[in-house]
Amino acid sequence: MSYQTRIWITGANGRLGRALCEAYENNTDYKLLKSDKEVPVEDLKAVLTFANLNRPNVIINCAGLTDKACEENPDDAYRVNALGARNVAIAARRLDVKLIQMSTDDVFGGHNNVAKNEFDVPKPTTIYGKSKLAGEALAQSLTDKHIIVRSSWNYGIGTHDFVDYILAMAEKGQDIELPFDSYSTPTSALALADFVETLIESDEYGLFHASCLGGCSRADWAREILRYTGHAEIAVRTGNVDSIKPRYTLLDNMMMRITGIYTMPEWKAELHAYLKEKKYEEK
């Protein structure tokens, strides 16, 4: 019987967790250990019990509370995003295994129009960003075998995402209004999963940014989806749309580049491949 790497994915029913499970489920070198609300990451006893019973070789922490839910419930945000990361890190340290902590571009507040690399100091402005940064710090301090992965504007993640929203609006023939100053990089779940798989197999540790190459406004992302799928007649308007998201969170994958471990695909090419795979052929 060949050896299988036992990979525990927390938050397996969430958007990113589900995408990673789907990406790895047919890999015969991996045995997936999935948990979600039945093993709440904010419950240290539950986390340690699951870890001791299942003995994973790698833990990927995808559990998290996001966006609006964080702003409305700060205690819950820190309980899941910070305390949860702490608990998973404690389990990883006790088992002496690799922890991959999934994080976000929202740890940057979007204060200026400069791409941020791993050596720039985060200054989050939202509860979501602050709680995720706190989770990063706890994971880094509690286990040496950690990798923090920050990504941006993920799509193809199993539940209704931005691409689905734009296509649904197009099918209804409705114009779309988006913030005029929201800028980062669309990143497919498949591209992110491929990079995380590289990390699983590597000896690298530390902090990595993992966004597709290039950047765009959220409005230009919407226009490219519409253009490719034959809905160019749908108007995308920009204005001061109420949004809690930081304004400019373009990530520079410097650590990926200088280590030579991986190169992310260009965002438009990856978007086109995703839409084609979903049977949205270019019109």
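In the block above lies the structure referred to throughout.
Residues numbered from 1 in each chain as written. Predicted model: local features only at pLDDT ≥ 70, side-chain atom pairs only at ≥ 80, totals over all residues. Heavy atoms only, no water.

### With respect to the packing of aromatic side chains
Here comes step 1: For the structure shown, the criterion picks out 10 aromatic pairs.
Here comes step 2: Seen in terms of ring centroids, Trp 8 and Phe 50 are 4.5 Å apart; in terms of plane orientation they differ by 35 degrees. Their pairing is tilted. Pair noted here: Trp 8 is in strand β1 (residues 5-10) and Phe 50 is in helix α2 (residues 44-54), with a separation of 42 residues, a long-range link.
Here comes step 3: The interplanar angle of 45 degrees and the centroid separation of 6.5 Å between the aromatic rings of Phe 162 and Tyr 165 together place this pair among those described as tilted. Separated by three residues within a single helix, Phe 162 and Tyr 165 lie in helix α6 (residues 162-171), roughly one turn from each other.
Here comes step 4: Note on Tyr 165: relative accessible area 30%, which makes it partly exposed.
Here comes step 5: An aromatic cluster is built from Trp 153, Tyr 155, Phe 162, Tyr 165, Trp 221 and Tyr 274, whose rings are joined through pairwise contacts.
Here comes step 6: Taking NZ or CZ as reference, Arg 218 lies 4.3 Å from the ring centre of Trp 153, over its face.
Here comes step 7: Above the face of the Phe 162 ring, Arg 218 is positioned so that its terminal group lies 5.1 Å from the ring centre. (Phe/Tyr/Trp six-rings, centres within 6.5 Å; stacked < 30°, edge-to-face > 60°. Helix = DSSP H or I, 4+ residues; strand = E, 2+ residues; numbered from the N terminus. Buried < 20%, exposed > 50% of the residue type's maximum accessible area, 1.4 Å probe, protein only. Lys NZ or Arg CZ within 6 Å of the ring centre and 35° of its normal.)

### Side note on the sheet that holds strand β3 (residues 58-61)
Within a sheet, adjacent strands bond to each other through the backbone by hydrogen bonds, running parallel or antiparallel.
Here comes step 1: Read across the sheet, six strands follow the order β2-β1-β3-β4-β5-β10 without closing on themselves; strand pairing throughout is parallel. Two strands bound the open sheet, and with one partner strand each, they are β2 (30-34) and β10 (206-209). When strand polarity is set aside, the average angle formed by the axes of neighbouring strands in this sheet is 20 degrees.
Here comes step 2: Lying on the sheet, α2 is in contact with β1 and β2; it crosses β1 at an angle near 160 degrees.
Here comes step 3: Taken strand by strand, helix α5 (residues 127-142) contacts β4 (98-104) and β5 (146-151), and its axis lies near 160 degrees from that of β4. (Pairing = 2+ DSSP bridges. Axes fitted to C-alpha atoms, helices over the stretch in contact; angles between N-to-C directions. Contact = heavy atoms within 4.5 Å.)

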